[in-house]
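Here is how the chains run, residue by residue.
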Amino acid sequence: MDIIKIIGIGIISLAIIIILKQYKPEFVIYVSIISGILIIFLVMDKFTNVINLLQNLSNKTSVNNQFLTLLLKITGIAFLTEFAVSICKDSGECAIASKIEIGSKIIIISMSIPIISNLLETILKILP
């Protein structure tokens, strides 16, 4: 079970971080980054399975592949942003974390404009 591996990495990383904070606090951020990357690699296989499933469903339906690609990119941006924000907050840099959040929200909004405009056009076609 992958969740046991993820929890194990988290607990081991936490123990290492607690010990390192006492002796070498400058290395704590590296342990946090490495554990996050390990967890991302563990779930990457599951995420690719979800992407393949969505692409298969998209090919079987009339959903535009461009919209699916945009949604996957937006989801990826959200995950990467959360990872970066967590690292910044762990290292005590809340100001940088909030700037990353704002930047990612602006990028996500700008990327979602084609989907929103297509949805509004569809609604206007349906309304009399």
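For every chain, the first residue of the written sequence is number 1, and numbering continues from 1 along that sequence. Local features are withheld for residues below a pLDDT of 70 in this predicted model, meaning they are given only at 70 or higher, and side-chain atom pairs are given and counted only at 80 or more; totals for whole chains, interfaces and linings count all residues. Note that the side-chain values use all heavy atoms of the structure and ignore hydrogens as well as water.

**Notes on the overall build of the protein chain**
- Segments assigned H or I by DSSP are reported as helices when at least four residues long, segments assigned E as strands when at least two residues long, and all are numbered from the N terminus. Each helix and strand in the protein chain was counted, giving 4 helices and 0 strands.
- Secondary structure elements of the protein chain, listed N to C terminal, follow the sequence α-α-α-α.
- Taken along the three principal axes of its C-alpha coordinates, the protein chain extends 70 × 35 × 20 Å.
- When each of the 128 residues of the protein chain is scored for burial, the buried share is 20%.
- Residue contacts follow a heavy-atom distance rule, with two residues in contact if any of their heavy atoms lie within 4.5 Å. A fraction of 54% describes how many contacts in the protein chain between residues 6 or more apart in sequence connect residues 24 or more apart.
- Accessible surface, the protein chain as shown: approximately 9500 Å² in total, 73% of it carbon and sulfur.
- Charged residues are defined narrowly, with Lys and Arg counted positive, Asp and Glu counted negative, and His plus the chain ends left uncounted. All charge positions are set by atom: Lys at NZ, Arg at CZ, Asp at CG, Glu at CD. Put simply, the protein chain has 10 plus and 8 minus side-chain charges, and the middle of one group is 4 Å from the middle of the other. Burial classes follow relative accessibility: with a 1.4 Å probe on protein chains only, a residue under 20% of its type's maximum area counts as buried, one over 50% as exposed, and anything between as partly exposed. Only the protein chains shown count as covering a residue, and every accessible area follows the Shrake-Rupley method with a 1.4 Å probe.

**Points about helix H3 (residues 65-90)**
- Any helix carries an expected span of 1.5 Å times its number of residues minus one. Given a rise of 1.5 Å per residue, 26 residues ought to cover 38 Å, and the 37 Å separating the end C-alpha atoms of H3 matches this to within 8%.
- Tucked into the core, H3 has its buried residues touching helix H2 (28-60) and helix H4 (94-126).
- Gly92 sits one or two positions beyond H3 and adopts a positive phi of about 85°.

**A few points about the pattern of salt bridges**
- Each reported salt bridge corresponds to a side-chain nitrogen of Lys or Arg within 4 Å of a carboxyl oxygen of Asp or Glu. Tallied over the entire structure, the rule returns 1 salt bridge.
- In this structure, Lys46 and Asp2 form a salt bridge, with 3.5 Å as the shortest nitrogen-oxygen distance. One end of the pair, Lys46, is in helix H2; the other, Asp2, is in helix H1 (residues 2-23), and 44 residues separate them in sequence.

**Some words on the packing of aromatic side chains**
- A pair of Phe, Tyr and Trp rings is counted when the ring centres sit within 6.5 Å of each other, with Trp represented by its six-membered ring. The angle between the planes then sorts it: under 30 degrees is stacked, over 60 is edge-to-face, the rest tilted. Counted according to the given criterion, the structure contains 2 aromatic pairs.
- Geometrically, the ring pair formed by Phe27 and Tyr30 is tilted, given 6.2 Å between the ring centres and 45° between the ring planes.
- A ring pair is formed by Phe47 and Phe79, whose centres lie 6.0 Å apart and whose planes are at 85°; its orientation type is edge-to-face. Here the residue Phe47 occupies a position in helix H2, and Phe79 occupies one in helix H3, the gap between them amounting to 32 residues.

**Some details on the environment of Asp90**
- Of note, Asp90 is situated in helix H3.
- On the basis of relative accessibility, which here comes to 58%, the residue Asp90 falls in the exposed class.
- Measuring from C-alpha to C-alpha, the distance between Asp90 and Ile29 comes to 7.4 Å, with 61 residues separating the pair along the chain.

**With respect to the packing of H2 against H3**
- Only the contacting stretch of a helix is used when fitting its axis, a line to C-alpha atoms as for every element, and angles between N-to-C directions run 0 to 180 degrees. Where H2 contacts H3, the two axes come as close as 12 Å, and the packing angle between them is 165°. By the criterion of interaxial angle, the relationship of H2 to H3 is roughly antiparallel. Crossing geometry of H2 relative to H3 is assigned as right-handed. Contacts from Ile29, Ser32, Ile33, Gly36, Ile37, Ile40, Phe47, Ile51, Leu54, Gln55, Ser58 and Asn59 of H2 reach H3 at Asn65, Leu68, Leu72, Thr75, Phe79, Phe83, Ile87 and Asp90.
- Residues are grouped as follows: Ala, Val, Leu, Ile, Met, Phe, Trp, Tyr, Cys and Pro are nonpolar; Asp, Glu, Lys and Arg are charged; all remaining types, including Gly, are polar. Class assignment of the residues belonging to the contact of H2 with H3 gives a composition of 12 nonpolar, 7 polar and 1 charged. For classification purposes, an angle smaller than 35 degrees is called roughly parallel, one larger than 145 roughly antiparallel, one from 65 to 115 roughly perpendicular, and anything else oblique. Crossings are assigned a handedness: left-handed for a near helix turned anticlockwise from the far helix by less than a right angle, right-handed for a clockwise turn.

Function cannot be inferred from these measures alone, as they are strictly geometric.
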